[in-house]
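Descriptive structure summary
Listed here are the chains, written in short residue letters.
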Amino acid sequence: MALIVQKFGGSSVADSHRIQHVCNIIAKTYDAGNQVVVVLSAQGDTTDLLIEKAKELNPCPSARELDVLLSTGEQISVALAAMCMERMGYSAVSLTGWQAGIETSSEHSVAKITKISKGAITRELEKGRIVFVAGFQGIDAQGEITTLGRGGSDTTAVALAVALHADACQIFTDVDGVYTADPRKDPNATKLDEINYDEMLQMVNAGAQVLHDRCVILAMHHNIPLEVCSSFTGNPGTLVHSMAAQKL
Ligand code: ASP
Ligand code: MG
């Protein structure tokens, strides 16, 4: 039995219709005989809207309180998706970052994952459940809620794939994979079938938002191949892995 980590970004879970679609993808993976751990981002613009709400009341909120607030976005997504799976007849459970054993440094809003105590996730998988983990968040040594920086759910997914020795880590997004340039801005951008970690990191450092920088670094250090694909089209995506460099 293979263990697959699947991560879905904010646009992939933006509303109930999209969550239902994502749950169909997850169900297919589970029905193929796999154990599935799913990491979700906050729905659509939720994180931005929460920041706006905070600033209406305090233009400079403390980083601690902002993390408590922003972590709720991902919790909404995982709870809704688990409920959707239940209705479809699957056994599923949602876990916050701290319930999932994701331990971090104490730098609010830019915390780094330091350790994953995987007992809770493993126990749920052993019960045959699909496990949903709230992305982008963890808990520090003092028990404080932390977040990993914007786009950090990608890093949650790769860190879980490393800790659980997953067989695959699939990052679902709203584009068909990694392009030579931003396909939403450049009509000449072409999709890459594969790319190596260094080139991916260069693109991310140059502003490509398709993956979180630390997720690429983590995947490179642990040699975890990342499959970046669209949750919308079902087209083959891009494999980010340790192949020889190609000229982009
Ligand atoms: N929800 C967070 C953000 O909007 C984290 C993520 O989506 O990965 O940045
Ligand atoms: Mg992202």
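Up top you'll find the structure we're talking about.
Okay, so let's go over this structure. Values in this document were obtained by computation on a predicted structure and should not be read as measured data.

Two aromatic rings are characterised by how far apart their centres lie and by the angle between their planes. Within the structure shown, the criterion is met by 2 aromatic pairs. Between the aromatic rings of F8 and F172, the centroid separation amounts to 4.5 Å while the plane-to-plane angle is 10 degrees, which identifies the pairing as stacked. Separated by 164 residues along the polypeptide, F8 in strand β1 (residues 3-8) and F172 in strand β9 (residues 168-173) bring together distant segments of the chain. Across the pair, exposure class does not vary: F8 and F172 are buried alike. Ring geometry for Y30 versus Y90: centroids 5.8 Å apart, planes at 85 degrees, classification edge-to-face. A residue pair is termed long-range when its members are at least 10 positions apart, and Y30 in helix α1 (residues 16-31) and Y90 in the loop between α3 (63-87) and β3 (92-95) qualify at 60 residues. What makes Y90 buried here is its relative accessible area of 18%.

Residues in close proximity to ligand 1 include S41, A42, T47, E74, F136, R150, G151, G152 and S153, which together make up its full environment. At 2.6 Å, a side-chain N or O of E74 approaches a nitrogen atom of ligand 1. Note that an oxygen atom of ligand 1 is positioned 3.3 Å from one of the backbone N or O atoms of G152. When isolated, ligand 1 has an accessible area of 260 Å², and the protein chains bury 86% of it. Broken down by class, the residue content of the shell around ligand 1 amounts to 2 nonpolar, 5 polar and 2 charged.

Time to look at the pattern of salt bridges. Throughout the structure, instances matching the rule amount to 10 salt bridges. The salt bridge involving R184 is made with D182; its shortest N-O contact spans 3.5 Å. Taking the relative accessible area as the measure of exposure, R184 reaches 59% and is therefore exposed. Since its relative accessible area comes to 30%, D182 is described here as partly exposed.

It is worth spelling out the packing of helix α5 (residues 153-163) against helix α7 (residues 213-222) at this point. Direction vectors running N to C along α5 and α7 enclose 20 degrees, while the axes themselves pass 8 Å from each other. With respect to α7, the element α5 is oriented roughly parallel. As for how α5 packs across α7, the hand of that crossing is left-handed. Contacts between α5 and α7 involve D154, T155, V158, A159 and V162 on the former and, on the latter, R214, C215, L218, A219 and H222. Across the contact of α5 with α7, the residue classes tally to 6 nonpolar, 2 polar and 2 charged.

Turning our eyes to something else, we now look at the side chain of T29. Position of T29 relative to the elements: it lies in helix α1. For T29, a relative accessible area of 12% translates into the label buried.

Right, let's talk about the environment of S91 for a bit. Note on placement: S91 falls in the loop between α3 and β3. The residues touching S91, leaving out its near neighbours within four places in the chain, are G128, R129 and I130.

Analysis parameters
- Residues numbered from 1 in each chain as written.
- Chains lettered and ligands numbered in written order.
- Predicted model: local features only at pLDDT ≥ 70, side-chain atom pairs only at ≥ 80, totals over all residues.
- Heavy atoms only, no water.
- Phe/Tyr/Trp six-rings, centres within 6.5 Å; stacked < 30°, edge-to-face > 60°.
- Helix = DSSP H or I, 4+ residues; strand = E, 2+ residues; numbered from the N terminus.
- Buried < 20%, exposed > 50% of the residue type's maximum accessible area, 1.4 Å probe, protein only.
- Near = heavy atom within 4 Å.
- Polar contact = N/O pair within 3.5 Å; in protein donor to acceptor, adjacent residues only side chain to side chain.
- Areas by Shrake-Rupley, 256 points an atom, 1.4 Å probe, with all protein chains shown as cover.
- Nonpolar A, V, L, I, M, F, W, Y, C, P; charged D, E, K, R; others polar.
- Salt bridge = Lys/Arg side-chain N within 4 Å of Asp/Glu carboxyl O.
- Axes fitted to C-alpha atoms, helices over the stretch in contact; angles between N-to-C directions.
- Parallel < 35°, antiparallel > 145°, perpendicular 65-115°, else oblique.
- Left-handed = near helix turned anticlockwise from the far one by under 90°.
- Contact = heavy atoms within 4.5 Å.

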